[in-house]
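Spelled out, the chains give:
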Amino acid sequence: MDELQFDIQIAADGKLLVDCADFTIPRNRVTFLFGESGIGKSLISRAVYGLLDPSELTAAINGMPYSDYLRCREVREIREHGFFVFQEPSSHLNPLMTLNDQMHEGSLSRSSPGQEALHRLWEGSAGSDLQEILSVYPKPYRPSGGEKQRILLAMALEKIGMLPPAGAQGPETLFVFDEPSGSLDNRFRDIFLTQLFGSYRRRPFTGLVITHDYSMISRIASEDPVLKEHVVFRELAREDGRIVMRDFDPARYTGWVRELERGHGGVAHGADHAPVLSVDHTLEVFGRRLTISPDRDGARRTHLTLHAGTLLYLKAPSGTGKTTLVKRVMGLIGEGEIHASIKDLRIDGKTPRSFWQHKIWGRKMTMVFQHADEALNQQSTMRESFLGLPTRRPLTPDAIVALAGELFEESEIRELLPKKVRFLSGGQKQRLNLLRGLVLDTDILILDEPLNGLDFESCTRVVRILQQKMAAGMAILVISHNEEIFDALAGHRICYLHAH
């Protein structure tokens, strides 16, 4: 297989950040790249594309200083004919230009004015909504993260449509999509993938999709067999201090999901008893009315009811207010009307913060935040992060090592326990964040994007621990974009949030 091959070293202030001896991208294939957050997927891809800042980072690629690498013909062709979709769209969008102007900026000015890709990515939205968004200057909160992401994806798809016809002497191409579905629900993710593969059928190109969304594997499996031959699955991992790229067998994921579906999350042994958490079907937070429904279209209302030994999956499109709801239930937001019960305790809009502090937090209910940095002290060591938690028994040094072993390898534990949190990778922080919540063993555990930034092995470990916790009687409420995994784990225990 004809491949782009790279030996890459990247350093900052004399400290080696990346040492990857064999980063390969098959030409005229679409590669899906997995791996734990912070391992270097984005940094390596930016280096290959020619986007590193020499004033901040020192790099060598294939034995060449980075300045020489940038002068290579292949790199110049990639920059001219490819596109890089950043994980954070605001990194690309110019706040001083309207989105419409940016859709026609630079090389995109040669694209057809119809913006076919953009309109398809707004499928189901009113045309006036799209025109209104195109007329704005992008700011942090307008448009939304998902809308910004779709704008950038549309730019990349338009650029693919501008490629010259395929031929033996065609230019080098590389289209990088860094977490393209991070702010998208499955519907818009699938629309994007359909467009991506449609573009590939018309004109093959070299694509690299960096993602933690393993459910893309199942989506790709639904494509025609001929196309699947042009899709490659790989992952980055650490081995002996280096970063290695290796093949990822998609059957590992699809087989695991089938096992979850057969188990349906284990036995809901507490479902016949009084719920440990009940939230009335309508509440108001920050002036927005939120309703809970048993169906996706919101035609009916239902209380959010959670029993011991069960997992309830709360679904809604990004921006609806899922995190807002659970933070209100946790007492982390004091604004708005709510009526709920936590075991035998009633709460409403007048319940004081001190009530949650003394009766709920770490005693009856725990929340693991979507972003680990919200919960972790960056100046503490990993070991210190476990100290002071209201655990039922004091955590001895041996107990901390044993706890860490649930989500960390033995070799990692020795290295990481004395290290400050701020020096951990994103995936390492997330694993630490999860362990801090799990060790409290409260009656109720709320998980906001628990698999965020994790590699496949860590995902399977987290799910196994959740199954064990449910078997022991814990009730779990989950918010997650990993729909396929939690659909399988929750079975029929799913409810939907709607904003009005």
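Residues numbered from 1 in each chain as written. Predicted model: local features only at pLDDT ≥ 70, side-chain atom pairs only at ≥ 80, totals over all residues. Heavy atoms only, no water.

Focus on the overall build of the chain
Counting secondary structure elements, the chain contains 18 helices and 21 strands. Over its C-alpha atoms the chain spans a radius of gyration of 24 Å, differing by no more than 12% from the 23 Å that the globule rule assigns to 500 residues. For the chain, the spread of C-alpha atoms along the three principal axes comes to 70 × 55 × 45 Å. Considering only intrachain contacts with a sequence separation of at least 6, the fraction spanning at least 24 residues in the chain is 74%. For the chain, the exposed area adds up to about 22,200 Å²; of that, 49% sits on carbon and sulfur atoms. (Helix = DSSP H or I, 4+ residues; strand = E, 2+ residues; numbered from the N terminus. Rg over C-alpha atoms; globule rule 2.2 N^0.38 Å. Contact = heavy atoms within 4.5 Å. Areas by Shrake-Rupley, 256 points an atom, 1.4 Å probe, with all protein chains shown as cover.)

Overview of the pattern of salt bridges
This structure, assessed with the given rule, holds 30 salt bridges. Between Glu-483 and Lys-315 there is a salt bridge, and its shortest N-O distance comes to 3.3 Å. Here Glu-483 is found in helix 18 (residues 483-490), whereas its partner Lys-315 is found in strand 15 (residues 311-315), with 168 residues between them in sequence. With relative accessibility at 15%, the residue Glu-483 sits in the buried group. Ionic pairing is found between Lys-429 and Asp-373, a salt bridge with its closest N-O pair at 3.2 Å. (Salt bridge = Lys/Arg side-chain N within 4 Å of Asp/Glu carboxyl O. Buried < 20%, exposed > 50% of the residue type's maximum accessible area, 1.4 Å probe, protein only.)

Quick notes on the sheet that holds strand 16 (residues 339-342)
Taken in spatial order, the 4 strands make up an open sheet running 14-11-16-17, and their pairing is antiparallel. Whereas interior strands pair on both sides, the edge strands pair on one side only; in this sheet they are strand 14 (304-306) and strand 17 (345-348). Going across the sheet, the axis of each strand differs from the next one's by a mean of 10°, ignoring polarity. Contacts from helix 13 (residues 353-360) reach strand 16 and strand 17, with the element oriented near 155° to strand 17. (Pairing = 2+ DSSP bridges. Axes fitted to C-alpha atoms, helices over the stretch in contact; angles between N-to-C directions.)

Focus on the confidence of the model for the chain
Averaged over all residues, the pLDDT of the chain equals 90, while 95% of them reach at least 70. For the chain, the element scoring lowest by mean pLDDT is helix 6 (residues 127-134), at 75; strand 8 (residues 207-210) scores highest, at 98. (pLDDT = per-residue confidence, 0-100.)

Digging into unusual backbone geometry
Residues other than glycine seldom take positive phi values, yet Asp-13 does so here, at roughly 50°. Within the secondary structure, Asp-13 sits in the loop between strand 1 (3-12) and strand 2 (15-26).

Here we look at the pairing of strand 10 (residues 242-247)
Note that strand 9 (residues 231-239) and strand 10 share 6 bridges and pair antiparallel. Bridging across to strand 10, Glu-235 finds its partner in Arg-246.

Comments concerning the packing of aromatic side chains
Counted under the stated rule, the structure contains 20 aromatic pairs. Taking the centre distance of 5.8 Å and the plane angle of 35° together, the rings of Phe-32 and Phe-233 count as tilted. Separated by 201 residues along the polypeptide, Phe-32 in strand 3 (residues 30-34) and Phe-233 in strand 9 bring together distant segments of the chain. The pair Phe-32 / Phe-233 is uniform in exposure class, with both members buried. Between Phe-175 and Phe-205, the ring centres sit 5.4 Å apart and the planes meet at 70°, which makes this aromatic pair edge-to-face. (Phe/Tyr/Trp six-rings, centres within 6.5 Å; stacked < 30°, edge-to-face > 60°.)

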